[in-house]
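The residues making up each chain are set out below.
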Amino acid sequence: MSMRLSRRKTLGLLAAAPLAMSPAAARPLAALGPAAARAGLIYGASASRALFDDAAYRTLYLRHCRAITSDVDLKFDWLRPHGPARWEWGPADRLVAFAERTGMAFRGHALIWNENPPGWLKRLSLAEIRRVFDEHIDTVVGRYAGRVAVWDVVNEPFWPGHGRPGGYRDGPWLAAFGPSYVARALKRARAADPKAVLAVNEAHCERDDAVGRAIRKGMRRLVDGLLEAGAPLDALGFQGHLQPQLPYDDARFAGFLHELGAKVGRLDITELDVNDESFPDDVKRRDALVARRYRDFLTHVLRVKQVRAVINWQLADHYSWYAGLARNGELRTRRPPRPLPFDAAYQPKPAFGALLAAFEARSRKPEPGNRKGANR
Ligand code: XIL
């Protein structure tokens, strides 16, 4: 690109790039991690065993990621599938060590989640569940203390569909403690690792429907309650599993982030991908629509100065959780989904260009989110 182009023209070209041309052809050397860093952001992706089994996939992480989130290895049902006394540390140890060795920030996901409790946990008494809860946090956070940059201490606290008071997601931890399990988890995690950034991570907040509104309301109340009670809440995570087939409002979501950012100080987009089940079969058209969804979302979200990280949920389409859902017939189509920045041959897609352009746009603003009206 000619250095003589005016700044305005350059901005225009970059904004058009993700949809108009192949980003790989345009800028073959671009890497997402450094581009994000120039914008004051950490870029990364979730990872699981494919990182170790597939060398080409690993190369992609090494090139683009400055952070790694555990996709499944630190979840309760993966660490303790067989019973209270048996721990499966191998995969989690390996992932944490990989992040350490390669200088990537590690995000531990997810310490406490009411979904997917193993059968043995469901059969315990409430008193026993309370004991397991405390022991779990002490043991897991303690084991990795000093090596985990951020913990998703509580994942998905809300699910209005469960009909619980306050819209809380039902499950063993809610049953055992009521909503105070969130504050309890944060306090115990802080005691076990005083340096880790402690986050509550939630889904669906960008939706502009009854579910999105109810979860945003729940999050506002939860955050206010936690701060009032002096619970150690350092960050909020917003998954960003974008569902373009449902109503959404990026400007409203950015306004919500702005509001919460003023209270909490750090916000992360933690599981970004685009569900393409409602898009046409044609791959070119589908990729363009996926990229547009990335672009529109990030254009709003990255104006919020407290947003500090953008994490994709895996990096290449065939490792997306949507690939599994499509195979199992849980989406409206069984075709292989294309939710991520790289395709199954590890080539960058238009979504990659959209991410890059969004990072570059933010890096051109000295103080993201501070411009007049940027967060409306
Ligand atoms: C998903 C994993 O990627 C799948 O492999 C697993 O089968 C189910 O969970 N929100 C979350 C993540 O917080 O933990 C979920 O991860 C995706 C939705």
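See the structure shown above.
Structure report, in brief. (Residues numbered from 1 in each chain as written. Predicted model: local features only at pLDDT ≥ 70, side-chain atom pairs only at ≥ 80, totals over all residues. Heavy atoms only, no water.)

Attention shifts here to the overall build of the chain. Scanning the chain from terminus to terminus reveals 16 helices and 10 strands. Relative to its 376 residues, the chain shows a buried fraction of 54%. Summarising the internal contacts of the chain: among those between residues at least 6 apart in sequence, 77% fall at separations of at least 24. Working note: accessible area of the chain is about 15,800 Å², and carbon and sulfur atoms make up 53% of it. (Helix = DSSP H or I, 4+ residues; strand = E, 2+ residues; numbered from the N terminus. Buried < 20%, exposed > 50% of the residue type's maximum accessible area, 1.4 Å probe, protein only. Contact = heavy atoms within 4.5 Å. Areas by Shrake-Rupley, 256 points an atom, 1.4 Å probe, with all protein chains shown as cover.)

What follows concerns helix α9 (residues 126-143). In this model α9 runs 25 Å from its N-terminal to its C-terminal C-alpha over 18 residues, within 8% of the 26 Å that 1.5 Å per residue would give. Turning to α9, its buried residues number three or more, namely I129, V132, F133, D134, H136, I137, V140 and V141. Contact partners of the buried residues in α9: α6 (76-79), β4 (112-113), α8 (119-122), β5 (150-155), α10 (172-177) and α11 (181-192). (Expected span 1.5 Å × (residues − 1).)

It is worth spelling out α11 at this point. The α-helix advances 3.6 residues per turn, and as a result positions three or four apart in sequence lie on the same side. Taking 1.5 Å per residue as the helical rise, α11 with its 12 residues ought to reach 16 Å, and the 16 Å between its terminal C-alpha atoms agrees with that figure. Along α11, the residues classified as buried are Y181, V182, A183, A185, L186 and A189. For α11, the elements touching its buried residues are β4, α9, β5, α10, β6 (197-202) and α12 (210-228).

Neighbouring the ligand are the residues D71, V72, K75, H109, W113, N155, E156, Q239, H241, E271, W313 and W321. Separating an oxygen atom of the ligand from a side-chain N or O atom of D71 is a distance of 2.7 Å. A distance of 3.1 Å separates an oxygen atom of the ligand from a polar side-chain atom of Q239. With the chains in place, 74% of the 410 Å² that the ligand exposes on its own is no longer accessible. Per-class residue counts for the shell around the ligand are 4 nonpolar, 4 polar and 4 charged. (Near = heavy atom within 4 Å. Polar contact = N/O pair within 3.5 Å; in protein donor to acceptor, adjacent residues only side chain to side chain. Nonpolar A, V, L, I, M, F, W, Y, C, P; charged D, E, K, R; others polar.)

Once that is clear, we can look at the packing of helix α13 (residues 250-264) against helix α14 (residues 283-301). Between two packed helices, the angle of one axis relative to the other and the distance separating the axes together describe the packing. Where α13 meets α14, the axes come as close as 8 Å, and the angle between the chain directions of the two elements is 35°. Considering how the two elements wind past one another, α13 and α14 form a crossing that is right-handed. Within the contact between the two elements, α13 uses D250, A251, F253, A254 and L257 and α14 uses R293, D296, F297, H300 and V301. Grouping the constituent residues of the contact of α13 with α14 by class yields 6 nonpolar, 1 polar and 3 charged. (Axes fitted to C-alpha atoms, helices over the stretch in contact; angles between N-to-C directions. Left-handed = near helix turned anticlockwise from the far one by under 90°.)

Enumeration according to the criterion identifies 18 aromatic pairs in this entry. Arranged with centres 4.8 Å apart and planes meeting at 35°, the rings of W321 and Y322 form a pair that is tilted. For W321, a relative accessible area of 37% gives the class partly exposed. With 5.4 Å between their ring centres and 55° between their planes, F342 and F352 make a pair best called tilted. Placement of F342 in the loop between α15 (321-327) and α16 (350-363) and of F352 in helix α16 is noted, with a sequence separation of 10 residues between them. Ring-pair connections join several aromatic residues into one group, and the members of that group are F76, W120, F133, W173 and F177. Its end group placed over the ring of W89, R143 keeps NZ or CZ at 4.0 Å from the ring centre. Cation over ring: R293 sits above Y248, and NZ or CZ is 3.5 Å from the ring centre. (Phe/Tyr/Trp six-rings, centres within 6.5 Å; stacked < 30°, edge-to-face > 60°. Lys NZ or Arg CZ within 6 Å of the ring centre and 35° of its normal.)

Everything listed is a geometric property; what it means functionally is a separate question.
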